[in-house]
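# Summary of the model geometry
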Protein chains: 2
Amino acid sequence: MNGGATCGQLRLFADLVRSGTALGARIDSGPSGTDVRLRRVPLGPVAVFGAGNFPLAFSVAGGDTASALAAGCPVVVKAHPAHPGTGEAVARAVTAAAARTGVPAGVFSLLVGRGHEVGLTLVGDPRIAAVGFTGSRTGGLALVAAGQARPVPIPVHAEMSAVNPVIMLDGALAEPEPAAEGYVASLTGGAGQFCTNPGLLLLPAGPAGDAFLATVARTLKAVEGQVMLTPDIARAYTEGVRRWAAVPGVREAARGTAGPGPYAPAPAVLTCDAATYTAHGDLSGEVFGAAGLVVRWSGTEELLRLLEGLEGQLTATLHGTDADRTAALRLLPVLEERAGRVLWGGWPTGVEVCHAMVHGGPWPATSSPATTSVGTLAVERWLRPVCYQSFPDALLPAELRTRAAAAG
Amino acid sequence: MNGGATCGQLRLFADLVRSGTALGARIDSGPSGTDVRLRRVPLGPVAVFGAGNFPLAFSVAGGDTASALAAGCPVVVKAHPAHPGTGEAVARAVTAAAARTGVPAGVFSLLVGRGHEVGLTLVGDPRIAAVGFTGSRTGGLALVAAGQARPVPIPVHAEMSAVNPVIMLDGALAEPEPAAEGYVASLTGGAGQFCTNPGLLLLPAGPAGDAFLATVARTLKAVEGQVMLTPDIARAYTEGVRRWAAVPGVREAARGTAGPGPYAPAPAVLTCDAATYTAHGDLSGEVFGAAGLVVRWSGTEELLRLLEGLEGQLTATLHGTDADRTAALRLLPVLEERAGRVLWGGWPTGVEVCHAMVHGGPWPATSSPATTSVGTLAVERWLRPVCYQSFPDALLPAELRTRAAAAG
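Cut-offs and rules
- Residues numbered from 1 in each chain as written.
- Chains lettered and ligands numbered in written order.
- Predicted model: local features only at pLDDT ≥ 70, side-chain atom pairs only at ≥ 80, totals over all residues.
- Heavy atoms only, no water.
- Least-squares fit on C-alpha atoms with pLDDT ≥ 70 in both.
- Contact = heavy atoms within 4.5 Å.
- Domains from an automatic or database assignment.
- Buried area = accessible area lost by both parts, 1.4 Å probe.
- Salt bridge = Lys/Arg side-chain N within 4 Å of Asp/Glu carboxyl O.
- Polar contact = N/O pair within 3.5 Å; in protein donor to acceptor, adjacent residues only side chain to side chain.
- Nonpolar A, V, L, I, M, F, W, Y, C, P; charged D, E, K, R; others polar.
- Helix = DSSP H or I, 4+ residues; strand = E, 2+ residues; numbered from the N terminus.
- pLDDT = per-residue confidence, 0-100.
- Buried < 20%, exposed > 50% of the residue type's maximum accessible area, 1.4 Å probe, protein only.
- Pairing = 2+ DSSP bridges.
- Right-handed = clockwise from strand over helix to strand, strands pointing away.
- Axes fitted to C-alpha atoms, helices over the stretch in contact; angles between N-to-C directions.
- Expected span 1.5 Å × (residues − 1).
- Phe/Tyr/Trp six-rings, centres within 6.5 Å; stacked < 30°, edge-to-face > 60°.

## Details of the relation of the copies chain B and chain A
In the superposition of chain B on chain A (RMSD 0.0 Å, axial shift 0.0 Å), the rotation amounts to 180°. What the rotation and shift describe, once combined, is the action of a two-fold rotation axis. When each C-alpha of chain B is compared by its distance to the rotation axis, Q148 of chain B comes out closest, at 4.5 Å. Most of the interface of chain B is mirrored in chain A, where 100% of its interface residues again form contacts.

Quick look at the structure:
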């Protein structure tokens, strides 16, 4: 996501605030006639840990910052050490905008530091009321534990990892060319370092699937590896692909070429059958980068068992045609249980920032399946409801007053 | 809350389901024109631990059960050992109603057992997706820890304890009689065993406050203790009052009479000044039952400091008149930060079941400040959002179809 989209995201949340709907005001009376009114209030100062892979849209002025500010929460960003310069530049822009619009000092601030100490101190500070994190499972789990260990525990909304299964149904293989090209583009874009990267593709066994995989091999051969975000990430990628390839029953199905320098490893697609995948838990983990695992399945029953064995995911994608609808209707309840976003066709990379987006999902894709980190629904993760009973108009917050309500 | 109110609560949630609004459907398109639709889906089977003090409205067929069923979640209730007969009778009624209305077997069930084993096994079962609990802080924290320790952690919505501060502002003391009578009635109703019992009253120092307290003493003298829920609770009450009274600077201000038998201890009101209260952390804990602590304050600054030192609460109540509005406007932001429900006048006992009620609050009043256990907003604690991208109408859930949306 580029700078324009990042600004678009900030504007979307500004519109939400202007609309007055974000606080979910309710004006009601109880069974005994008591006047009862509800609004959501901000939790308090929020600590945001930006993602390493999205220096703009998921970092200093990214989704968590935008939604927390929209909720009325001050934000303290822990800059990601992979892009300190970008982080500082964005923070300067936010600070300048805040000064120009009369936002009080301290509503937005940036902390820097390479190790874990700054971050853990931040999460442990009694003045911090909630945390947003996008990154690795290790990092996310450490912050979740820190949030729970406080004398007053706080919510830690961590988006951690996912393999974002893509399920090819029979009808989708009639034209292997566009499907294979779409897959390779989604798998290798941004060196495969998107949270929604399609790391797992479930492909029918048989000649049509073979043809798809052959097309993938031809297409990927022409793709050059890109320089990854950090040397550590590049090393972990190469090691991860090697680990997959070492599992008995797994073979390499496609490979691109390495890019220039030591940190642009070649994209790779490996493949195995369903029994191999199920038998080796290691294959279900994420290899961060442009590495795809293609698991071949035979019959809807085997496919269902594969899906039922999956951990929580950010996304799950079905590719098919009208002829596949009966199968799709059997699979959908299983996918809804395991993912925050389901797609019919298309590819999961690329997150549309809008009112209906969900970028989240069941554990361990995130630590807080009830919320999203992208889209306007995200504002709710920084709010809690408060109810006002029998208050005179003059003491009520503006959005709950009878006069304002009648006028609005 | 009686049986009629319990049925009213079930009907309110039934109306919510019929209204079609509970799932928060959103139909939208993203910045690039992609069709994106959102609805909430049920988390899965919910374990409900009913409250010991409300065998009807907060137990087997109580708020958590009603809201979870409305969300589409099957419910497994762990019966409270203090009222096994009532629990079973209610469960039989629910099961009969389910059979008559064609609800599948297993959507509702009841487990019994006196120790912790049944409950902890239930929370640890991989098929359970969320937990609702109303009870003691010890019990709640144990379940929260069990929910977090699972391989796949789940949300545990525990409502634990609170002292529900009531703040008397100067204007409220002009007529001490009705205020004192209201206080004594709220403090002693149900043997003081309501979650919203006003355990802490903040009273201005000086003659007007003295007159209020003298009226409380006269009123309480005529009140007889009621038999408490269990022998253990009665013993803990007596011990708690003794512990408060032993703190230097605390004196007894009012006392009722003991009721018949060993488990109907006398209601009691103790009092101290702000310095004593602040210096002795033990005084801020809850004594479950009809025990009130009255803390005398001098000036708004001291009152503010007292309030800022409070833990999270279910409720906070302000008593005052028009003349107290300036003070009230200073106190309100502090109260909103610390309570799920704020009241202007009246008493916190008695929870109006409606769309705008919040029965919840910051830690440690509850383990999940972002939700409520009473009122229709409670349905959200059992749901999570799922987004559907580029789906044909025929594959969408009914509430997200274009045709249904256009017709509705």
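## Some remarks on the domain arrangement of chain A
The accessible area lost on association of the parts is a frequent measure of interface size. Residues and elements named next belong to chain A. One can read the domain layout of chain A as domain 1 (2-160 + 366-400) and domain 2 (165-344). Between domain 1 and domain 2, the C-alpha centre-to-centre distance is 33 Å. With eight residues of domain 1 at the interface, the matching set in domain 2 holds eight residues. Taking both sides of the interface into account, the surface hidden between domain 1 and domain 2 amounts to around 610 Å²; carbon and sulfur atoms contribute 63%. Across the domain 1-domain 2 interface, the total number found is one salt bridge. In this assembly, domain 1 and domain 2 are joined by two residue pairs in polar contact (both at pLDDT 80 or more). Here the residues of the side of domain 1 that touches domain 2 sort into two nonpolar, four polar and two charged.

## Re the side chain of T65 of chain A
Within the secondary structure, T65 of chain A is located in helix α2 (residues 63-71). If we ignore the near neighbours within four places in the chain, the residues touching T65 of chain A are V48, S59, V60, V75, V77 and F108 of chain A.

## With respect to the environment of T326 of chain B
Its location among the elements puts T326 of chain B in helix α11 (residues 325-338). Put simply, T326 of chain B and G209 of chain B are 117 residues apart on the chain and 20 Å apart in space, counted from C-alpha to C-alpha.

## Focus: the confidence of the model for chain A
Counting all residues, the mean pLDDT for chain A is 95, and 98% of those residues have values of 70 or more. The ipTM, which scores confidence in the relative placement of chains, is 0.95 for this predicted complex, and the corresponding pTM is 0.95.

## Here we look at the pairing of strand β12 (residues 291-297) of chain B
Residues and elements named next belong to chain B. Counting buried positions along β12 gives seven out of seven residues, so the element sits mostly inside the fold. In the sheet, strand β9 (residues 200-204) pairs with β12 via five bridges, with the strands oriented parallel. Bridged to P204 within β12 is W297. With helix α9 (residues 274-279) bridging strand β11 (residues 268-273) and its parallel neighbour β12, the resulting β-α-β unit is right-handed.

## Quick word on helix α2 (residues 63-71) of chain B
Residues and elements named next belong to chain B. Of all nine residues making up α2, eight are buried, and the element is well covered by its neighbours. For α2, the full list of buried residues reads G63, D64, T65, A66, S67, A68, A70 and A71. Count one or two residues on from α2 and you reach G72, which has phi positive near 95°.

## Digging into the sheet that holds strand β6 (residues 130-134) of chain B
Residues and elements named next belong to chain B. Ordered in space as β5-β4-β3-β6-β7, the five strands form an open sheet in which the pairing is parallel. Because the sheet does not close on itself, it has two edges, and the strands there are β5 (108-111) and β7 (156-159). Along the sheet, successive strands turn relative to each other by an average axial angle of 15°, direction set aside. On top of the sheet, helix α5 (residues 137-149) reaches β3 (46-49), β6 and β7; it is set at about 170° to β7, its chief contact.

## So, helix α1 (residues 3-19) of chain A
All names here are of chain A. Between its terminal C-alpha atoms α1 stretches 24 Å, which fits the 24 Å expected from 17 residues at 1.5 Å a residue. Among the structural elements, α2 are those in contact with the buried residues of α1. Downstream of α1 by a residue or two, G20 has a phi angle that is positive, lying close to 75°.

## Looking at the sheet that holds strand β2 (residues 35-42) of chain B
Reading across from one edge, β10(A)-β11(A)-β12(A)-β9(A)-β8(A)-β13(A)-β14(A)-β15(B)-β2(B)-β1(B) is the order of the 10 strands in this open sheet, with mixed pairing throughout. Edge strands, defined here as strands with exactly one partner in the open sheet, are β10 (251-255) of chain A together with β1 (26-29) of chain B. Averaged over neighbouring strand pairs, the angle between their axes works out to 20° when direction is ignored. Lying over the sheet, helix α11 (residues 325-338) of chain A contacts β8 (166-168), β13 (313-319) and β14 (339-344) of chain A together with β2 and β15 (383-389) of chain B, oriented at roughly 150° with respect to β14 of chain A.

## Quick word on the environment of H83 of chain A
Residue and element names in this part refer to chain A. Within the secondary structure layout, H83 lies in the loop between β4 (75-78) and α3 (84-100). What makes H83 buried here is its relative accessible area of 6%. For the pair formed by H83 and A222, sequence separation is 139 residues and the distance between their alpha carbons is 30 Å. Excluding its chain neighbours within four sequence positions, the residues that come into contact with H83 are A51, G52, P55 and S59.

## Some remarks on the interface of chain B and chain A
Contact residues are listed per partner, giving 57 residues for chain B and 57 residues for chain A. For the pair chain B and chain A, the summed buried surface comes to about 4900 Å²; carbon and sulfur atoms form 60% of the total. Summed over the shared surface of chain B and chain A, the number is four salt bridges. The interface formed by chain B and chain A includes 36 residue pairs in polar contact (both at pLDDT 80 or more).

## Considering the packing of aromatic side chains
According to the stated counting rule, one finds 10 aromatic pairs over all chains in the structure shown. An angle of 35° between the planes, with centres 5.8 Å apart, marks the rings of Y183 of chain B and W347 of chain B as tilted. One end of the pair, Y183 of chain B, is in helix α6 (residues 176-188); the other, W347 of chain B, is in the loop between β14 (339-344) and β15, with 164 residues separating them in the sequence. The same class applies to Y183 of chain B and to W347 of chain B, which are both buried. A network of ring pairs unites the aromatic residues Y183, F212 and W347 of chain A as a single cluster.

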